[in-house]
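# Structural overview for review
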Amino acid sequence: AGVNAPKERGPERNISLTRRFRDKVIIGITLLALVSYTNSFFGDFVFDDIPAIVNNGDVRGTTPILNMFDNDFWGQNMLSNRSHHSYRPLTTLSFRATHAMFGLTPFPFHVVNVILHVINSLLFFFACEVLIHSRSAKSAFVSSALAGAFFAAHPIHTEAVSSIVGRAELLSAFFALVGFRAYVCAARVQETDIKWLVVAILSAVAAMLCKEQGITIAALYFAYDLLYPNRTHIWHYLSAGAYKKEVQTMLRRLGSMGLVVFAAIVWRVNLNGAAPANILPEENPAGFASSLKTRVLTWNYLLSVNAWLLLAPSRLLCDYSHDTIPLVTSFFDVRNLATVFFYAVFFAIVMYAVKRAVPSQKRFIGRQNVSWLMAVAFLVFPFLPCTNLFFMVGFVVAERVLYLPSAGYAMLLGLALDRPRHTGRCRLRTVLAVGALIVAVYWLRSLGRNRDWRTGIRLWRSALRVAPTNPKVYNGLGQAMVERGGEWFDDGLVYLEKATNMRPKYASAYYNLGTALATQGNYKQARNAFKYALAADANHTDALYNQGLTLYKLGKYDSSAYHFEKLLDLQPKRVDAYFNMGAALHALGEYGEAVDSYAWAMHLDPLSPQHVTNYGLSKAAQGDSMEAERAFRHALVLNPDDVPALTALGVHLGRNERYAEAEAELLQAAQLAPDDDNVAHHLEITRRIMQGDDDAFYDEAATATPPATPPPAEDYAGNDHADYAEPLEEHTDAPAYEPHGDGQRVHAGANDHHVLDVAVDEQEPDAYDDPKYDGEEDMAQAPSPAPAPKAQQQYRDDHDDWAEDGAGTSDASEQQDWAQDVDNNDWD
């Protein structure tokens with residue numbers, strides 16, 4: 001890249017300044033991009049990082065690596081109606097690689113992001129050397145250097161760089177700029193360099209697989225080829241009426257490239273399947289407006305908002321959802337003046353760029369005439385997919401999507417500062433001084449904004465200053481405080497309830513409030529919160545799960561089993577739901593159904609000793625002693641040091657009057673868990689029985705208790721996040737929800753003013769009156785993908801083959817055989 005390029009690649013031979021001065025500019029841009037984001041290195045996982053990285057099995061490596069090519073950015077299957085259809089497998093692969101090398105530590109993730117931004121800043125500077133031309137080589141070089149500096153320090157990039165999930169924008173821009181450079185090398189005058197053309201096409205596809213808008217770089221390929229062939233452009237050939245060989249070469253190149261890119265776009269669209277993207281009304285309120293006038297006026301006004309963010313990025317915000325930017329519903333709304341002013345300025349710039357590009361007998365027809373037009377192309381084309389013009393997007397405004405379009409803005413600003421109408425050392429100093437001032441302002445704002453992204457509490461507090469009417473901000477701030485725990489916990493509950501007051505049917509806020517209360521043992525209030533969440537969204541899967549756990553804790557096993565059953569209708573392969581439903585059924589005395597539920601859990605996760613142990617407990621309760629013992633011994637094959645399995649086996653052997661074996665198993669459990677009162681109690685009972693104590697007897701060895709691990713907090717994510725909950729069919733109404741055997745009917749209809757008004761059990765509180773709890777929230781494991789389950793009866797028949805010759809013994813060789821069966825999935 002740069003001044004030493006071959007002459008046949010005409011646009012590359014831009015300036016003739018000394019190598020020493022150019023190297024200093026490269027070093028300066030590198031350092032500027034680095035120091036602008038060095039203070040982001042020590043940030044936490046915040047906002048979208050939680051669902052996209054921390055809770056994403058595709059990133060943590062808990063799912064097969066090929067799954068990421070079937071799932072969206074958030075770990076949801078692309079064909080699911082819960083998917084946002086954000087397909088970015090290369091970005092997810094980069095996260096997985098970072099996690100594999102460094103673990104789940106945010107520091108290396110941030111370092112990679114900053115390195116990518118530094119590289120992108122240099123690639124953009126090299127692109128400017130190709131695209132920005134002037135009669136004065138010095139003027140063109142200064143414009144290129146200023147544009148590169150503006151891009152390196154611009155505060156609008158903080159969301160893309162400081163937020164780890166912004167790597168999608170960074171990687172997409174990286175491949176786009178590499179592809180553009182390759183296309184410059186491919187687009188020769190007399191011929192096409194095939195190898196560089198292939199690199200350019202593959203880079204465009206790779207950019208699309210990092211972030212969807214990356215494919216728009218292909219439009220910049222077209223613009224470059226049409227505007228920059230051999231110091232003149234296609235208009236010269238057409239005006240001359242000559243169909244020259246150069247034009248034929250260019251058209252063949254554009255045609256072949258266009259066909260491949262079109263095929264890639266068709267393939268990508270087909271990946272979405274028939275299910276629509278799971279976009280909630282609050283994520284893009286204008287998209288759900290019934291009036292065409294409202295949609296058009298609002299979406300056009302948002303263009304002026306994005307333009308202002310590029311010009312004056314002072315009030316930045318991580319989330320613009322809900323009513324942060326109210327809808328423009330009338331032609332008399334004063335904000336329409338901002339829309340008109342935006343279009344007036346924009347078209348003035350376009351007309352100026354076209355005027356400089358159109359051939360004129362009085363003006364030399366050359367590359368310096370199209371620099372402005374190419375800058376406009378860099379600004380417009382990458383932003384087109386975000387305008388709702390082709391499809392509805394899942395956000396109102398998103399600062400991260402301005403990462404690549406800001407390159408066009410930086411070019412325009414660089415060109416505007418150093419127009420070659422006047423020359424002289426004084427003018428050059430003035431231009432450099434103004435440019436340095438703008439860079440300094442951008443740099444200071446970037447440093448300040450990076451600090452906001454360090455922790456969730458800082459981020460949401462900064463958002464509260466900008467968007468005090470956004471309930472999602474209160475929800476996010478409350479959740480961040482609850483997770484911090486300690487003295488922050490009570491304040492977090494206040495913010496969560498504030499979010500529910502601002503939006504009475506905010507299922508996510510009620511879910512987070514219920515989860516916070518449940519983790520503190522306040523199960524009755526948590527139960528009510530989950531009821532309100534389900535009244536707003538009956539298909540909220542995590543609220544169903546947590547409500548099932550909460551009802552189990554309250555001893556309402558019938559209702560608990562019902563909630564898990566309803567959850568399994570929505571997520572038929574959710575392992576923890578099968579396991580917990582089995583626990584509730586076991587507590588009800590429905591041992592046969594509990595066995596079936598545990599069998600499904602074992603099929604979906606055959607290496608979990610906990611599932612096998614509880615299966616054995618239910619089998620023992622049925623009176624199937626032999627099958628129960630087989631299950632306990634198999635759990636010990638999976639984990640020889642599993643204390644619950646050792647305890648259950650010891651008690652089971654004792655009840656069958658095999659006291660010596662029982663004592664051995666319980667003694668091993670006691671050695672592994674010396675502080676476990678349950679183990680110590682049953683070991684003492686066994687020894688008393690062996691000593692002839694007639695008053696000693698075994699009680700329950702273990703209970704089929706569900707794990708106290710609620711799933712991650714809902715809505716702890718950004719506009720691009722595919723929420724766990726299904727969208728409501730209407731923004732003002734929710735489907736009825738009918739609990740099973742637990743309280744009265746809960747319904748939130750169109751006439752309800754607040755979800756707190758729904759019916760609840762009379763003996764339970766209707767609100768959360770000054771709850772005072774302390775602690776941190778637990779997070780559940782994400783369910784793992786699994787093969788299609790067998791029929792239950794066939795599954796039970798298969799279990800008759802379990803280690804049949806090894807029942808009642810702990811011989812090591814036979815246990816090894818059982819382990820081999822597990823490895824081969826012969827027993828499942």
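Here, every reference points to the structure presented above.
Residues numbered from 1 in each chain as written. Predicted model: local features only at pLDDT ≥ 70, side-chain atom pairs only at ≥ 80, totals over all residues. Heavy atoms only, no water.

## A word on the overall build of the protein chain
Note the following rule: Counting from the N terminus, the helices are DSSP H or I runs at least four residues long and the strands are E runs at least two residues long. Three labels apply to residues, based on accessible area from a 1.4 Å probe with only protein chains included: buried if under 20% of the type maximum, exposed if over 50%, partly exposed otherwise in between. For this analysis, residues touch if any pair of their heavy atoms sits within 4.5 Å.
Looking only at helices and strands, the protein chain has 33 helices and 0 strands in total. Expressed as a percentage of the 828 residues in the protein chain, the buried residues total 58%. Put simply, 72% of the contacts in the protein chain that link residues at least 6 apart link residues at least 24 apart.

## Remarks on the nonpolar core
This is how the line gets drawn: Throughout, nonpolar core names a set of buried Ala, Val, Leu, Ile, Met, Phe, Trp, Tyr and Cys residues whose side chains join them through atoms within 4.5 Å.
Ranked by size, the top nonpolar core spans 137 residues in total, and within it F180, Y224 and M374 carry the most contacts. Of all the elements, helix α5 (residues 106–131) adds the most residues to this core, at 12 residues. Sequence-distant contacts of F180, that is, excluding residues within four places in its chain, are made with A127, L131, I217, L220, Y221, Y224, M374 and F378. In terms of nonpolar packing, the next biggest core, distinct from the first, is built from 61 residues, V482, L493, Y545 and L567 among them.

## Some words on the environment of D49
The topology assignment puts D49 in helix α2 (residues 49–54). The spacing of D49 and G166 is 117 residues in sequence and 9.1 Å in space, taken between C-alpha atoms.

## Section: the packing of aromatic side chains
To describe a pair of aromatic rings, one takes the distance between the centres and the angle between the planes. Spelled out, the test is: The criterion for an aromatic pair is that two Phe, Tyr or Trp rings (for Trp, the six-membered ring) have centres within 6.5 Å, with stacked assigned to planes under 30 degrees apart, edge-to-face to planes over 60 apart and tilted to the rest.
All told, the structure shown has 30 aromatic pairs when counted by the stated rule. A centroid spacing of 5.0 Å and a plane angle of 85 degrees characterise the contact between F47 and W460, whose relative ring orientation is edge-to-face. With a gap of 413 residues between them, F47 in the loop between α1 (19–37) and α2 and W460 in helix α18 (residues 456–466) connect regions that are remote in the sequence. A centroid spacing of 6.2 Å and a plane angle of 45 degrees characterise the contact between F95 and F109, whose relative ring orientation is tilted. Here F95, found in helix α4 (residues 89–102), pairs with F109, found in helix α5; they are 14 residues apart in sequence, far enough to count as distant. Neither F95 nor F109 differs from the other in exposure class; each is buried.

## Overview of the packing of helix α8 (residues 167–186) against helix α10 (residues 217–227)
Spelled out, the test is: Angles here are taken between N-to-C directions and fall from 0 to 180 degrees, while the axes themselves are lines fitted to C-alpha atoms, restricted in helices to the stretch in contact. Roughly parallel means an angle under 35 degrees; roughly antiparallel means over 145; roughly perpendicular covers 65 to 115; every other angle is labelled oblique. For any pair of crossing helices, the crossing counts as left-handed if the nearer helix is rotated counterclockwise from the farther one by less than a right angle, and right-handed if it is rotated clockwise. Polar here means any residue other than Ala, Val, Leu, Ile, Met, Phe, Trp, Tyr, Cys and Pro, which are nonpolar, and Asp, Glu, Lys and Arg, which are charged; Gly is therefore polar.
Their axes nearest at 10 Å, the elements α8 and α10 cross at an angle of 25 degrees. Compared by their axis directions, α8 and α10 come out roughly parallel. The crossing of α8 and α10 is right-handed. Packed against α8, whose contacting residues are A176, G179, F180, Y183 and V184, the element α10 presents I217, L220, Y221, Y224 and D225 at the interface. Across the contact of α8 with α10, the residue classes break down as 8 nonpolar, 1 polar and 1 charged.

## Looking at the side chain of H157
As for its placement among the helices and strands, H157 is situated in the loop between α6 (137–153) and α7 (158–162). Residue classification places H157 among the buried positions, given a relative accessible area of 0%. When neighbours within four sequence positions are excluded, H157 is seen to be in contact with Y37, H117, F151, Y403 and S406.

## Describing the packing of helix α14 (residues 336–357) against helix α15 (residues 371–380)
Contact geometry of α14 with α15 gives a least axis separation of 8 Å together with a crossing angle of 140 degrees. Judged by the angle between their axes, α14 and α15 are oblique. In this structure, α14 uses F346, I349, V350, Y352, A353, V354, R356 and A357 to contact α15, whose residues at the interface are W372, L373, V376 and V380. Residue composition of the contact of α14 with α15, grouped by class: 11 nonpolar, no polar and 1 charged.

## As for the pattern of salt bridges
Pairs can form between side chains of opposite charge once their charged atoms are near each other. Short version of the rule: Basic side-chain nitrogens of Lys or Arg form a salt bridge, by our definition, when they fall within 4 Å of a carboxyl oxygen of Asp or Glu.
On inspection of all chains with the given rule, the structure shows 20 salt bridges. In this structure, R633 and E661 form a salt bridge, with 3.7 Å as the shortest nitrogen-oxygen distance. Here E661 lies in helix α30 (residues 659–672) and R633 lies in helix α28 (residues 625–638), a separation of 28 residues in the sequence. Judged by relative accessible area, R633 falls into the buried class, the value being 3%.

## Examining unusual backbone geometry
Positive phi is not limited to glycine here, since F47 has a value of about 55 degrees. Within the chain, E657 stands out as a residue other than glycine whose phi angle is a positive 65 degrees. Mapped onto the elements, E657 comes out in the loop between α29 (643–655) and α30.

## Thoughts on a nonpolar patch on the surface
Where we set the bar: Nonpolar side chains (Val, Leu, Ile, Met, Phe, Trp, Tyr) within 5 Å and like charges within 9 Å form the patches, drawn only from residues with over 30% relative accessible area and no salt bridge. The Shrake-Rupley method, run with a 1.4 Å probe sphere, supplies the accessible areas, and residue values consider only the shown protein chains as cover.
Taken together, I27, L31, L34, V35, W443 and L444 make up a surface patch of nonpolar side chains, about 520 Å² in accessible area. Listed by contribution, the elements that provide at least two residues to the nonpolar patch are α1 and α17 (425–452). With 4 residues, α1 is the single largest residue contributor to the nonpolar patch. Residue position: L31 is located in helix α1.

## Structural notes on α30
The α-helix winds at 3.6 residues per turn, so residues separated by three or four positions along the chain end up facing the same way. To keep it simple, the criterion reads: Expected span, for any helix, means 1.5 Å times one less than how many residues it has. An arc is given here, and it is the one of the directions from the helix axis to the C-beta atoms.
Between its first and last C-alpha, α30 extends 20 Å over 14 residues, near the 20 Å set by a 1.5 Å rise per residue. Where α30 is concerned, the buried positions are A662, E665, L666, A669 and A670. Projected onto a plane normal to the axis of α30, the buried residues spread over an arc of 140 degrees and lie on a single side. Away from its buried face, by an angle of more than 90 degrees, α30 presents the exposed residues A660 and Q671.

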